[in-house]
Amino acid sequence: MVASVYCQPAYVLHSRPYKETSALVSLITLDYGRIDGVARGVRQKKSRNRALLQPLQPLQLSWRGDGSLKTFFDIEPCGQLPFLNGRALSCILYANELLSRLLQHQEAVPELFREYALLVTQLQQPDQLEPSLRCFEWQLLQSLGYPIVFFDDKGQPLQAEQRYQYHWQVGFCLSDQGFKGEDLIALDAHKWHQADVRKTAKQLSRIALQPLLGDKPLLSRQLFQPAHPFVKTEP
């Protein structure tokens, strides 16, 4: 008996051509996490689904199949396609690559799906770009079992006058160098208006994600490279 799932909210993470008229599509879904499958006939000129299977478009769809590669059907839009360009579009492509690289197949991550949907919405507001991306990264880390907890490695509150190194398996450890305690405390309080706090948040995310990503570089990070070598644009 072939298992079927109906009317599942989803976003496209990645798609590529398959055979003459079909596509191989990777999704993040509300109740089933990352799902890979085939969308048959969607590359035909008259296919109504041709424009739907792209990043950012909220979807509702069904699939059948008891193997790792599903067959998608009943693909419907579930909301308007948001307009993103520039850094905001680069951010969502970065988020998609993180999910494609790190999520296990068919492992439910409903809170991460909701955080991703919020990210898609908030990236339309330029002042929310960095905070929303950091919150998404931290929800991803939590879903993978490596949450960032703002206590030291002995379970004590962080001290503003101290400095800390972050180790992905044990958390924050006292150090002569590293992050300022006052910046970490401000970060835990979501004080995103402070430039030093935003810088700390980005560095912290890099350190926490690196062991999970390994040595293979993220291709999407190249999109953040500025045309001028002295201008930094990566969020």
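Procedures and definitions
Residues numbered from 1 in each chain as written. Predicted model: local features only at pLDDT ≥ 70, side-chain atom pairs only at ≥ 80, totals over all residues. Heavy atoms only, no water. Pairing = 2+ DSSP bridges. Helix = DSSP H or I, 4+ residues; strand = E, 2+ residues; numbered from the N terminus. Axes fitted to C-alpha atoms, helices over the stretch in contact; angles between N-to-C directions. Contact = heavy atoms within 4.5 Å. Core = buried A, V, L, I, M, F, W, Y, C linked by side-chain atoms within 4.5 Å. Buried < 20%, exposed > 50% of the residue type's maximum accessible area, 1.4 Å probe, protein only. Disulfide = S-S within 2.5 Å. pLDDT = per-residue confidence, 0-100. Salt bridge = Lys/Arg side-chain N within 4 Å of Asp/Glu carboxyl O. Parallel < 35°, antiparallel > 145°, perpendicular 65-115°, else oblique. Left-handed = near helix turned anticlockwise from the far one by under 90°. Nonpolar A, V, L, I, M, F, W, Y, C, P; charged D, E, K, R; others polar.

### Topic: the sheet that holds strand β1 (residues 4-18)
- The strand order around the closed barrel formed by five strands is β1-β2-β3-β5-β4, and the pairing between neighbours is mixed. Geometrically, the sheet is characterised by an average inter-axis angle of 55° between neighbouring strands, direction not taken into account.
- Relative to strand β4 (residues 59-64), β1 runs antiparallel, the two being bridged by five bridges. Across the sheet, S4 pairs through a bridge with R64, a residue of β4.
- On top of the sheet, helix α2 (residues 110-122) reaches β1 and β2 (22-29); it is set at about 60° to β1, its chief contact.

### Regarding the nonpolar core
- By size, the foremost hydrophobic cluster in this structure holds 47 residues, and its most contacted members are L98, L99, Y116, I148, F172 and L204.
- Of all the secondary structure elements, the ones that give two or more residues to this core are β1, α1 (86-102), α2, α3 (129-143), β6 (163-167), α4 (181-188) and α5 (195-213).
- The element that contributes the greatest number of residues to this core is α1, accounting for eight residues.
- Residues within four places of L99 in sequence aside, it is in contact with L13, I28, R34, L112, Y116, F136 and L140.
- One finds V12, A23, L61 and I75 within the second-largest nonpolar core, a separate group that totals 16 residues.

### As for the state of the cysteines
- Applying the stated criterion to the full structure yields zero disulfides.
- The closest cysteine sulfur to the non-disulfide-bonded C7 is located on C78, 9.9 Å from its own sulfur.
- Of the residues examined, C7 reaches a relative accessible area of 49% and is grouped as partly exposed.

### Some remarks on the pairing of strand β3 (residues 33-39)
- With seven of seven residues buried, β3 is to be regarded as a mostly interior element.
- Summarising the sheet, β2 and β3 pair through seven bridges and their orientation is antiparallel. From the neighbouring strand, V25 faces β3, where its bridge partner is G37.
- Between β2 and β3, which pair antiparallel in sequence order, lie three residues.
- Summarising the sheet, β3 and strand β5 (residues 69-77) pair through three bridges and their orientation is parallel. Residue pairing in the sheet places D36 in a bridge with L69 of β5.

### Here's the deal with the confidence of the model for the chain
- Here the chain shows a mean pLDDT of 91. Residues at 70 or above account for 94%.
- Counting interchain partners and residues more than four positions distant, the pLDDT-below-50 stretch residues 227-232 has one contact.

### Focus: the pattern of salt bridges
- As enumerated under the stated definition, the model contains six salt bridges in all.
- Its salt-bridge partner being D36, residue R34 comes within 2.7 Å of it at the nearest N-O pair.
- Residue classification places R34 among the buried positions, given a relative accessible area of 17%.
- Across the salt bridge formed by R134 and E137, the nearest N and O atoms sit 2.7 Å from each other. Of this pair, R134 and E137 both sit in helix α3, three residues apart, which is roughly one turn of that helix. Comparing R134 with E137, the two get one shared label, buried.

### Section: the packing of α3 against α5
- Between α3 and α5, the shortest axis-to-axis distance is 10 Å and the interhelical angle comes to 30°. Considered as vectors, α3 and α5 are oriented roughly parallel to each other. Seen along the crossing, α3 lies across α5 with a hand that is left-handed. Where α3 abuts α5, its residues E130, R134, E137, W138, L140 and L141 lie against R198, A201, K202, L204, S205, A208, L209 and L212.
- Tallied by class, the residues present in the contact of α3 with α5 amount to eight nonpolar, one polar and five charged.

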